[in-house]
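Results of the structural survey
As a plain string of letters, each chain reads:
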Amino acid sequence: MSLANAPLPTDPDDLRTFAELLQAEVHAKTLHIEKLKAQLAALRRARFGRSSEALDREIRQLELLLGAPADDGAERPMAAAKGGDDKPAASGRAERKPGGRQPLPAHLPRETVVHEPACTCPVCGSARLTRIGEDRREVLEYVPSYFKVIVHVRPKVSCRACETITQEPMPSLPIERGRPGPALLAHVLVAKYCDHSPLNRQSGIYRRAGVDIDRGTMVGWVGQFAFLAEPVWQGIARHVRAGPALHADDTPVPVLDPGRGRTKTGRLWVLVRDERPWGSTAPPAVVYRYSPDRKGEHAKVLLDGCRGFLHADAYAGFNDLYAPHPATGQPIIEPVACWSHARRQIYEVHADTASPLAQEALERMAQLFAIEATINGNTPDVRLAVRQKQSVPLLAGLKAFLDDALTRISAKSTLAKAIRYALVRWTALVRYTTDGRLEMTNNAAERAIRPLALGRKNWLFAGADSGGERAAMMYTIIQTAVLNGLDPEAYLRDLAARIADHPINRIDELLPWEWARRNGQHDKVAA
């Protein structure tokens with residue numbers, strides 16, 4: 001009950017106590033109102049605001065560095081930024097691409113249409129015309145995809161001498177006794193798990209082309225191919241878990257729950273191995289795993305066999321993994337926290353309140369991100385030396401600033417909460433300065449989760465736990481192919497044609513990076 005409606009006491013001491021209680025209640029309600037305002041501002045920004053977290057000052061610095069779009073000398077500041085003494089933009093964004101129309105891809109087939117002029121001069125009627133040149137213009141056109149039916153004919157022959165009947169065996173198909181060819185199956189899978197088109201939407205698209213494929217039929221295709229491709233998923237998982245520095249995260253997935261009349265919340269876990277930032281030649285890969293809930297046992301299954309650094313959040317389910325392994329005695333090294341998460345907490349406060357303290361904290365963090373942008377792709381020794389020389393002093397100054405800021409603001413304010421988020425995780429946040437193989441952020445896992453978030457907006461929910469498991473397998477195969485620079489549909493087309501007959505003891509030959517080497521795509525993978 002609020003004291004605002006309580007009767008005023010008549011005794012002076014009671015009145016003084018009542019005033020103190022009323023003041024405390026007003027202060028508590030003021031903090032609650034500020035919290036609700038911050039939540040409302042965050043919701044409005046999520047719906048109507050810009051998605052970038054860059055500060056206006058950072059944007060202005062980037063514009064000055066790159067030059068205005070209308071500036072004829074825009075290339076000169078860019079060149080100076082590369083070779084001069086100017087510092088890189090604090091936001092760490094990629095350089096702006098040069099303007100102008102880009103040439104059409106050279107690998108596309110060309111069809112030439114010649115527009116011949118009239119045989120006589122349109123002015124005097126003379127037929128004495130001489131060709132003096134020509135103009136060419138390329139126009140990009142689209143040829144709609146189409147279905148076709150392949151009829152497999154296998155003649156039977158009989159030997160007149162011994163009466164033996166022989167016949168060529170039927171080529172292996174990805175779906176036993178099924179009708180989809182490898183190309184159609186690959187197209188359905190990529191459309192669902194890469195282009196985020198649900199099967200019922202695909203069914204409608206195919207119906208417009210005159211082919212009626214029921215959604216339930218395609219569900220069966222996906223399930224049977226996932227069964228065949230499970231060894232490939234396991235091969236990718238073994239490669240990922242062998243990495244010395246991994247990125248882990250999870251995201252909720254709505255799943256139908258028959259009998260309750262609503263959906264339940266499953267989880268899709270992601271584990272990423274990407275060593276390109278520190279110059280390693282190991283192929284990048286990502287493995288997904290589905291679970292019906294978020295119990296810690298699922299995190300243990302995801303990271304079974306891992307013995308290295310782990311970039312992750314503070315999820316309590318990971319804690320048991322940091323104890324020595326009962327067999328090897330070697331634990332997973334305690335987590336490397338993500339500076340993007342720590343920065344986002346303070347950015348939210350700055351966007352809502354324009355706090356000078358939040359502004360200064362963000363500018364200090366921007367210096368750390370700028371250092372990482374300059375060493376990305378270098379060897380671990382180089383990265384470690386730069387961090388020890390440049391980042392460690394900046395981190396010490398940032399921590400002192402955050403400690404001092406806490407003494408100058410209300411302990412219950414949103415800014416204090418954001419600062420405590422970073423200080424509580426400080427040891428994990430600065431761990432990246434102790435090893436050149438580590439990253440400042442867990443953005444590799446965030447990027448791997450983005451396809452799941454996009455797909456979730458389209459297919460809304462998984463039909464069952466088995467659907468979540470199939471999705472984890474297909475996302476693993478497709479997103480690993482994408483990480484290795486492959487066309488996922490071309491890779492799946494070949495995989496679907498070969499997987500049924502491929503020896504299980506040579507399954508590594510079908511992994512995306514091995515497929516790329518066999519098909520002469522070394523340069524593409526390296527890029």
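Residues numbered from 1 in each chain as written. Predicted model: local features only at pLDDT ≥ 70, side-chain atom pairs only at ≥ 80, totals over all residues. Heavy atoms only, no water.

Before going further, it helps to spend a moment on the packing of helix α4 (residues 182-193) against helix α15 (residues 488-498). In contact at an axis separation of 8 Å, α4 and α15 are set at 135 degrees when each is read in the N-to-C sense. The orientation of α4 relative to α15 falls into the category oblique. Of the two elements, α4 crosses α15, and the hand of that crossing is right-handed. Where α4 approaches α15, its residues Pro182, Ala183, Leu185, Ala186, His187, Leu189 and Val190 are matched on the opposing element by Pro488, Glu489, Leu492, Arg493, Ala496 and Ala497. When the residues that make up the contact of α4 with α15 are grouped by side-chain class, the tally is 10 nonpolar, one polar and two charged. (Axes fitted to C-alpha atoms, helices over the stretch in contact; angles between N-to-C directions. Helix = DSSP H or I, 4+ residues; strand = E, 2+ residues; numbered from the N terminus. Parallel < 35°, antiparallel > 145°, perpendicular 65-115°, else oblique. Left-handed = near helix turned anticlockwise from the far one by under 90°. Contact = heavy atoms within 4.5 Å. Nonpolar A, V, L, I, M, F, W, Y, C, P; charged D, E, K, R; others polar.)

Moving on to the pattern of salt bridges. Under the definition given, this model contains 17 salt bridges. In this structure, the salt-bridge partner of Arg276 is Asp274, at a minimum N-O distance of 2.8 Å. Classification of Arg276 as partly exposed rests on a relative accessible area of 36%. Since its relative accessible area comes to 10%, Asp274 is described here as buried. For Arg517, the salt bridge goes to Glu514, with nearest N and O atoms at 3.2 Å. Placement of the pair is Arg517 and Glu514 together in helix α16 (residues 512-518), with a separation of three residues, close to one helical turn. Arg517 sits in the partly exposed class, given a relative accessible area of 38%. Salt bridges linked by common partners bring Arg131, Glu134 and Arg136 together as one network. (Salt bridge = Lys/Arg side-chain N within 4 Å of Asp/Glu carboxyl O. Buried < 20%, exposed > 50% of the residue type's maximum accessible area, 1.4 Å probe, protein only.)

The five strands are arranged β5-β4-β3-β6-β7 in an open sheet whose pairing can be described as mixed. In this open sheet, the two strands that pair with only one neighbour each are β5 (285-291) and β7 (333-336). Sheet twist, expressed as the average angle between the axes of neighbouring strands with direction ignored, equals 30 degrees. Contacts from helix α6 (residues 215-241) reach β3 (245-257), β4 (262-273) and β5, with the element oriented near 115 degrees to β5. The strands touched by helix α14 (residues 465-483) are β3, β4 and β5; relative to β5, the strand with the most contacts, the crossing angle is about 175 degrees. (Pairing = 2+ DSSP bridges.)

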